[in-house]
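Now for the letters of each chain:
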Amino acid sequence: MRRHLRALLFLVYVAAYGSFIAVTVAAPHVLAAPAPGGVNVAVAWGMGLILLAFVTALAALAMPESDR
Amino acid sequence: MIAAQAPAAAQGTDWMSVGVFAAFTAGVLVLSSLLGRRATGAKGYFAAHGQVGWFVNGIAFAGDYLSAASFLGICGLIAFWGYDGFLYSIGYLAGWIVALLVIAEPIRRLGRYTFADALNARFGSRTVTVAAGISTLVVSLFYLVPQMVGAGALITPLLGVPHWVGVVLVGAVVTFIVATAGMVSTTWVQFIKGGLLLLLCALLVGLILGRGFTVRDPGPARDAPATGVGGVTALPAWAVPGAAAGADGLVREEGAATGPLGPVEFLRVFSASEVAAWRTAKEPAADGTTRTIARPERIAGSELLLPGNSPTFRGLRAGSALERVDFASLMLALFLGTASLPHILIRYYTVPDVRSARLSTVVGIGAIGGFYVLTLYLGLGAMTGGHLNTGDSNMAAPLLARSFGSVLFALISSVAFFTVLGTVSGLVLAGSGAVARDLVSTALGRTPDDRTQVRIARIAALALGAGAMALGFLFRDLNASFLVGWAFNVAASANLPALVMALFWRRATAAGVSAAIVTGLAASLAWVLVSKDAFEKVYGLPGADAWAPFSQPALVTIPLSAAAGVAVSLLARRPAATR
């Protein structure tokens, strides 16, 4: 169970990071669009990835110690 | 990329900086001598007895990780090119997710002192030990070069002494720290450095936000390097109430200021402003010679907050498919490289248990992530603060600090220098551990006793320190941050597929793991040596002649290493031990 949760956390982050790279490479105009808070998508996504890393770390910590 | 090309202008000695710097150095040396008594035996020397608390270890992770390339390089990149520097911040932090969720716990459970220990826990194979030991040495040396180059580049403008003094000073102090007290003192140096770096940068960002933006006329183009430049040339009318705006809604009145801004507002105002970004170019002069001219380019802030302004990432906007692949490959290397760096991996052995390993990673991610958020403000603050030197982007952050007074400059400068010192200590320790534990033990055919191991490691630390100094001289004209990018590529290619196989794949064999390391190491090294960057920046040849289709090898060499590991494991399926 715990392994699955960790794998899920990992996949969520990989999706967020991977799609950022994909958009930067293939559709950079998306990054110029306005985002909530008055900044652009590039800044919001970048800051979001840093925040998501910390949230992921806290979530990993909150998981049960071990089920093996 | 960091523009460390131009030798910093000769300056007088800043005695305040020298004083603060001397006090820091003396403090660290005394601490090391005191802690040296506690670092007895192999477990003390290599792993600080496994008794470091999770919080101290977490901040020490930040100390290990936030090297000169992070602090000076990223701030400088953002100060000149905007968002492109922040891409490194995003990639460097993302790598910690791999460390946290994939590598941290098995490494802590299986290993004792070195990266090879964990890799080889299942196999007990001499081949794996030697391959991992060599890989540790190569990656550590690759990572050492930019740190030493950075130390040399820093010391002249900071303390007004020649380049070689910087290299020798770092080499000597680090060798002393590592040789006397190993992991115990290295950990404390990292903790102090990591903590101070975070606190001072947070203070600096507070001052930047408090100052806000002021409209300044950039003046005409001039001979490079131009100093004391960089500023906002127009602010949005809504940010400067009462000022007269033009038809485009921008206020261009000299001295118009926003006053203090909040963190989100700061980015919003920057985005709506027009900024003088300084660009240098060689231009033919009337007398037939070539001059290097620095020229202010008025660019919309919103443009600078998008990727693709710097020469490195320009291909993202108008380049070929290969240039985009190159970018994706770099981002992959940053993502997978962190969890493959030996000096980061060995820090998992300093904590008492798996839970502490996890807790310290969380503290590390919090500290490092917080720092990377600050880099965007530091860089943009430097870009608009009016104190840039176009000849040395590495100095953007320290020069920004100088605009808030000489005390802050002295403190930031000393911490910048300690940034180099701390990272170099971690690398020398990782390298000396690999020599003493992995290579010498295998060569002798037996593991020497504790005392001998520590003695060998101390000698190896001295040799590595001397080697690092020599490389610092040799490569002093090279660009620090592209060397760091290479180190991540090589580390990820050589170590990550092997680690994942050894930790998670039941059918992996010792031969397969060794094949993955050797293939990844050789392929990524060969690739960077025939890449466009190497041709242009190392050999001084035209980049178009380079053999590699793009500069960052990770996208090709990581899968190659994994394929070699899987193929050899499946083909040579035999009982695990080869001894």
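K.L.:
Honestly, the overall build of chain B in this entry has me stumped. Any pointers?
P.N.:
Summing up its helical and strand segments, chain B has 21 helices and seven strands in all. Over its C-alpha trace chain B gives a radius of gyration of 24 Å, about what one expects of a compact globule, namely 25 Å for 579 residues. Each of the 579 residues in chain B was classed as buried or not, and the buried ones make up 63%. For chain B, restricting intrachain contacts to residue pairs at least 6 apart in sequence, the fraction spanning at least 24 positions comes to 79%. Carbon together with sulfur atoms contributes 64% to the accessible area of chain B, which is approximately 19600 Å² in total. For chain B, the centre of its 39 positive side-chain charges and the centre of its 27 negative side-chain charges are spaced 15 Å apart.

K.L.:
When you look at the domain arrangement of chain B in this model, what are you seeing that I'm missing?
P.N.:
Accessible area lost during the coming together of the parts is what is often quoted as the interface size. Residues and elements named next belong to chain B. Looking at the assigned domains, one finds that chain B contains domain 1 (46–210 + 320–478) and domain 2 (214–316). A C-alpha centroid distance of 33 Å is found between domain 1 and domain 2. In this assembly, domain 1 packs against domain 2 so that about 2600 Å² is buried in total across both faces, 67% of it on carbon and sulfur atoms. Along the contact surface separating domain 1 from domain 2 lie zero salt bridges. For the pair domain 1 and domain 2, the interface holds 15 residue pairs in polar contact (both at pLDDT 80 or more). Residue assignment for the side of domain 1 that touches domain 2 shows that the elements contributing at least two residues are helix 4 (68–81), helix 5 (83–110), helix 8 (163–211), helix 12 (321–337), helix 14 (354–384) and strand 7 (388–389).

K.L.:
How do you make sense of the interface of chain A and chain B when you look at a structure like this?
P.N.:
Listed per partner, the contact involves 34 residues of chain A and 38 residues of chain B. Summed over both sides, the interface of chain A with chain B buries roughly 3200 Å², with 75% coming from carbon and sulfur. Three residues stand out in chain A for area buried against chain B, namely A:Tyr17, A:Ile50 and A:Leu61, and they jointly supply 19% of the buried area on that side. Connecting chain A to chain B are one salt bridge. Note that B:Glu105 and A:Arg6 form a salt bridge whose closest N and O atoms lie 3.3 Å from each other. Linking chain A to chain B there are eight residue pairs in polar contact (both at pLDDT 80 or more). Among the secondary structure elements, those contributing two or more residues to the side of chain A that touches chain B are helix 1 (2–26) and helix 2 (41–62) of chain A. With 13 residues, helix 2 of chain A is the largest single contributor of residues to the side of chain A that touches chain B. Along the lines of polarity and charge, the residues of the side of chain A that touches chain B split into 24 nonpolar, six polar and four charged.

K.L.:
How should empty space enclosed by the protein be read in this particular structure?
P.N.:
It is a probe the size of a water molecule, rolled over the atoms, that shows where empty space is left. Within the structure shown, the criterion is met by four cavities of 30 Å³ or more. Taken as a whole, the second largest cavity spans an internal volume of roughly 50 Å³. Residue composition of the lining of the second largest cavity, grouped by class: five nonpolar, two polar and no charged.

K.L.:
Looking at this structure, I do not really get the side chain of B:Ser514. What am I missing?
P.N.:
With respect to the helices and strands, the residue B:Ser514 is situated in helix 19 (residues 510–529). Filtering out sequence-adjacent residues up to four positions away, B:Ser514 remains in contact with B:Thr127, B:Val128 and B:Ala131.

K.L.:
I keep staring at the state of the cysteines and nothing clicks. Help me out?
P.N.:
Two cysteines joined by a covalent bond between their sulfur atoms form a disulfide. Counting across every chain of the model gives zero disulfides over all chains. As a non-bridged cysteine, B:Cys75 has B:Cys201 as the owner of its nearest cysteine sulfur, 6.4 Å distant.

K.L.:
Explanation requested: the environment of B:Ser67 in the structure shown.
P.N.:
All names here are of chain B. Checked against the element boundaries, Ser-67 lands in the loop between helix 3 (54–65) and helix 4. Assessed through its relative accessible area of 1%, Ser-67 is described here as buried. Once the C-alpha coordinates of Ser-67 and Gly-242 are considered, the two residues, 175 residues apart in sequence, prove to be 44 Å apart. Other than its neighbours up to four places away in sequence, Ser-67 contacts Tyr-143, Gln-147, Thr-419 and Thr-423.

K.L.:
Could you clarify how one ought to interpret helix 14 of chain B in this entry?
P.N.:
Each α-helix winds once per 3.6 residues, and so residues spaced three or four apart point in a common direction. Its 31 residues give helix 14 of chain B an end-to-end C-alpha distance of 45 Å, which sits within 8% of 45 Å, the value for a rise of 1.5 Å per residue. Within helix 14 of chain B, 27 of the 31 residues are buried, leaving the element largely enclosed by the surrounding structure.

K.L.:
How should I be thinking about the packing of helix 5 of chain B against helix 12 of chain B in this particular structure?
P.N.:
Packed helix pairs are characterised by how far apart their axes lie and by the angle those axes make with each other. Residues and elements named next belong to chain B. Close contact between helix 5 and helix 12 brings their axes to 6 Å; oriented N to C, the two are set at 45°. Relative to helix 12, helix 5 is oriented oblique. Contact with helix 5, carried on its side by Leu-87, Tyr-88, Gly-91, Tyr-92, Ala-94, Gly-95 and Val-98, involves Phe-327, Leu-330, Met-331, Leu-334, Phe-335 and Leu-336 of helix 12 and no other residues of that element. Taken together, the residues that form the contact of helix 5 with helix 12 break down as eleven nonpolar, two polar and no charged.

K.L.:
Explain the nonpolar core here, please?
P.N.:
Where a protein is soluble and globular, its nonpolar side chains tend to be buried together. Residues and elements named next belong to chain B. Counting 216 residues, the largest nonpolar core has Trp-96, Leu-119, Tyr-372 and Val-513 as its most contacted members. Considering each element in turn, this core owes the most residues, 18 residues, to helix 5. Each of two domains, domain 1 (46–210 + 320–478) and domain 2 (214–316), supplies a minimum of three residues to this core. Excluding residues within four positions of it along the chain, Trp-96 makes contact with Phe-61, Tyr-65, Thr-338, Ile-344, Tyr-348, Thr-361, Ile-365 and Ile-368.

Here is what the cut-offs are and how they apply
Residues numbered from 1 in each chain as written. Chains lettered and ligands numbered in written order. Predicted model: local features only at pLDDT ≥ 70, side-chain atom pairs only at ≥ 80, totals over all residues. Heavy atoms only, no water. Helix = DSSP H or I, 4+ residues; strand = E, 2+ residues; numbered from the N terminus. Rg over C-alpha atoms; globule rule 2.2 N^0.38 Å. Buried < 20%, exposed > 50% of the residue type's maximum accessible area, 1.4 Å probe, protein only. Contact = heavy atoms within 4.5 Å. Areas by Shrake-Rupley, 256 points an atom, 1.4 Å probe, with all protein chains shown as cover. Lys, Arg positive; Asp, Glu negative; His and termini not counted. Charge placed at Lys NZ, Arg CZ, Asp CG, Glu CD. Domains from an automatic or database assignment. Buried area = accessible area lost by both parts, 1.4 Å probe. Salt bridge = Lys/Arg side-chain N within 4 Å of Asp/Glu carboxyl O. Polar contact = N/O pair within 3.5 Å; in protein donor to acceptor, adjacent residues only side chain to side chain. Nonpolar A, V, L, I, M, F, W, Y, C, P; charged D, E, K, R; others polar. 1 Å grid on protein atoms, 1.4 Å probe; cavity = no way out; pocket = protein on both sides within 12 Å on 5 of 7 lines; lining within 4 Å. Points joined across faces, edges and corners; volume = space filled by probe spheres on them. Disulfide = S-S within 2.5 Å. Expected span 1.5 Å × (residues − 1). Axes fitted to C-alpha atoms, helices over the stretch in contact; angles between N-to-C directions. Parallel < 35°, antiparallel > 145°, perpendicular 65-115°, else oblique. Core = buried A, V, L, I, M, F, W, Y, C linked by side-chain atoms within 4.5 Å.

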